[in-house]
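# Structure assessment
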Amino acid sequence: MMRKTSLVLLGVAIGASAVVVGSHTGVPHGGSAVAESAAVYRSLNLFGDVFDKVREDYVEKPDDKKMVESAISGMLTSLDPHSSYMDAKSFQDMQVQTRGAFGGLGIEVMEENGLVKVVAPIDDTPAARAGILSGDLITAIDGENVQGMTLNQAVDKMRGEVNTSVKLTIERGPKKQKLDVSLTRAIIHIKSVRSHVDKPDIGYIRITQFTEQTYDGLKEAIEKLQHDIPADKFKGYVLDLRNNPGGLLDQSVAVVNAFIDHGEIVSTRGRNADETQRYNARPNMDISQGKPLVVLINGGSASASEIVSGALQDHKRAILIGSRSFGKGSVQTIIPLGQDNGALRLTTARYYTPSGRSIQAKGIEPDVTILEDTPPDLKGKDDTKGEASLQGHLKNGPDEEHGSQAYVPADESKDKALHAAYDLLRGVKTLAMLKQEAAAAEAAGKAAQKTAEAAKKNSDKTAAKSDDAAGKGSADASAAKAPAPPAGPNSEPVLKPAPSDDKSK
């Protein structure tokens, strides 16, 4: 079970600070524990003193609530990169994200030149039914100009209670045709699972994040693929988790259970031994019919994505292709703080794969490493830093690994990892062949890098010699043509005054 912690409530009034301690579970005894508690209370008193001083003496009247929230935020962010304080608005946004449903219009948008551009309307939503088109520019919402708003502010104005109305003013096409469109908000479901048949015999499934809707979306996708592909021709599944940042733990467990029906999926271990939890597959929940499975991961696959890929790899249920995952091996618990007080996002445990691996700051290594060909303008920018590069991350021994490639080609025909997965499932290539090709590609890449570094080094040397020669020639010319500047006290150069343009003298 989750660790029970004492609740420390800090109340501060003018000229005084007060500490109220709630009930404890397992209060420590002994002199050292008492001394430690006394030190903590002194620190809280110090906070109260500083708070009072700021309220009384700061040059402008500060916002008390904002100061307290900032202090809480600082305390949490000092722990690790994933613990944080969410104010009421941030907490609400997080809930919308994890629920996977909200009251809105059903359009994916982006910012462009200060306006809100429609990327695409979501099928069967108010926006799609009203005829909103990809490329439309939203210039006003309920008569209020969007210029000057952030994208988040514009999105907040378009979201709202179900069955309420909103008017969008849009510009369409090269002639900037102006249209006013009235829409009624409805429940919008964020689709975290997409799928299609790679004709004629492979089911492709992409999970973009793990929300409350993910398992249901996966189940629906698998059932559709099984309907569309004859059982005798079905070669298997590709589960694409690349650039999936994670999400809900229970959904990752359910996704794994869709492909296995026994054994441990993941365990979480907190500070104390009695806090360990094990999540096991439930029997008769495997809906994949035993078809072969390839999972795609990369440097952007984190957290819940790593739980899924690590479990399927440990159970030898899937072959992993791509690049090393992000390495976020910790679990955050959301702790609401009461009405309008937001919530804590607190790291409460590390998670371990079925074989007992902690991937914290290490990541999941694929069975076959395949790097994509990145466009020239993205070279050097296509790698994630990884968990091990985050300041204050939880340490995990001496052999931590940093980030890896996170680029996925937009053009599926250029997606090397995806085509390797298809070749493996169709028997065009064996796993041994893919590993051999990957090793050869890695060796060629290292050789090319070594050659490029040597060429750069020679180029730098040539440039340095050229600069030295030019500098010497310039110095000689200067010595011949210009006298040294006059010297003042301590031999410092004295600058002559510039000619004056003042005609009044």
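If you tally the helices and strands in the protein, you get 10 helices and 21 strands. Of all 505 residues assigned to the protein, the portion counted as buried reaches 35%. For the protein, contacts bridging at least 24 residues in sequence account for 67% of all contacts bridging at least 6. Within the structure as shown, the protein displays about 29300 Å² of accessible surface, and the carbon and sulfur contribution to it stands at 54%.

Backbone-to-backbone hydrogen bonds pair the strands of a sheet. The strands run either parallel or antiparallel. Strand order in this open sheet of six strands is β12-β13-β14-β17-β18-β21, and the pairing throughout is mixed. Every interior strand has two partners, whereas the edge strands, β12 (193–198) and β21 (368–369), have only one. As paired elements, strand β18 (residues 319–322) and β21 share two bridges and run parallel to each other. Bridge pairing in β21 places Ile321 opposite Val368. Packing against the sheet, helix α9 (residues 416–426) makes contact with β12, β13 (202–207), β14 (236–240), β17 (293–297) and β18, and its axis sits at approximately 170° to β17.

Here the focus is the packing of aromatic side chains. This structure, assessed with the given rule, holds three aromatic pairs. Measuring from ring centre to ring centre gives 4.9 Å for Phe234 and Tyr237, while their planes differ by 55°; the resulting arrangement is tilted. Residue Phe234 shares its accessibility class with Tyr237, and that shared class is buried. Between Tyr237 and Phe259, the ring centres sit 6.1 Å apart and the planes meet at 75°, which makes this aromatic pair edge-to-face. You can see Tyr237 sitting in strand β14 and its partner Phe259 sitting in the loop between α7 (249–257) and β15 (264–269), a full 22 residues away along the chain. A relative accessible area of 1% places Phe259 in the buried class. Ring pairs connect the aromatic residues Phe234, Tyr237 and Phe259, which therefore count as one cluster. Directly above the aromatic system of Tyr352 lies the positively charged group of Arg269, at a separation of 3.8 Å from the ring centroid.

The next subject is α7. Because each turn of an α-helix spans 3.6 residues, side chains separated by three or four positions end up pointing in the same direction. Of all the nine residues making up α7, seven are buried; the element is thus mostly covered by neighbouring parts of the structure. Listing the buried residues of α7 in full gives Gln251, Ser252, Val253, Ala254, Val255, Val256 and Asn257. Structurally, α7 contributes buried residues whose contacts are with β13, α6 (214–228), β15, β16 (277–280) and α8 (304–314).

To continue, consider the side chain of Ser358. Its location among the elements puts Ser358 in the loop between β20 (343–352) and β21. Of the residues examined, Ser358 reaches a relative accessible area of 14% and is grouped as buried. A polar contact of 3.4 Å, which involves the side chain of Ser358, links it to the backbone nitrogen of Gln360.

The predicted model of the protein averages 85 in pLDDT, with 85% of residues at 70 or higher. Note that pLDDT drops below 50 for residues 1–28; the model gives that stretch 44 contacts with residues more than four away or on any other chain. For the stretch residues 474–505, pLDDT sits under 50, and the model shows eight contacts to residues farther than four places along the chain or on other chains.

Once that is clear, we can look at the pattern of salt bridges. Under the definition given, this model contains 26 salt bridges. Ionic pairing is found between Glu144 and Lys157, a salt bridge with its closest N-O pair at 3.2 Å. A residue pair is termed long-range when its members are at least 10 positions apart, and Glu144 in strand β8 (residues 144–145) and Lys157 in helix α5 (residues 151–158) qualify at 13 residues. A single network of salt bridges, built from pairs that share partners, joins Arg206, Asp240, Arg242, Glu372 and Asp415.

Calculation rules
- Residues numbered from 1 in each chain as written.
- Predicted model: local features only at pLDDT ≥ 70, side-chain atom pairs only at ≥ 80, totals over all residues.
- Heavy atoms only, no water.
- Helix = DSSP H or I, 4+ residues; strand = E, 2+ residues; numbered from the N terminus.
- Buried < 20%, exposed > 50% of the residue type's maximum accessible area, 1.4 Å probe, protein only.
- Contact = heavy atoms within 4.5 Å.
- Areas by Shrake-Rupley, 256 points an atom, 1.4 Å probe, with all protein chains shown as cover.
- Pairing = 2+ DSSP bridges.
- Axes fitted to C-alpha atoms, helices over the stretch in contact; angles between N-to-C directions.
- Phe/Tyr/Trp six-rings, centres within 6.5 Å; stacked < 30°, edge-to-face > 60°.
- Lys NZ or Arg CZ within 6 Å of the ring centre and 35° of its normal.
- Polar contact = N/O pair within 3.5 Å; in protein donor to acceptor, adjacent residues only side chain to side chain.
- pLDDT = per-residue confidence, 0-100.
- Salt bridge = Lys/Arg side-chain N within 4 Å of Asp/Glu carboxyl O.

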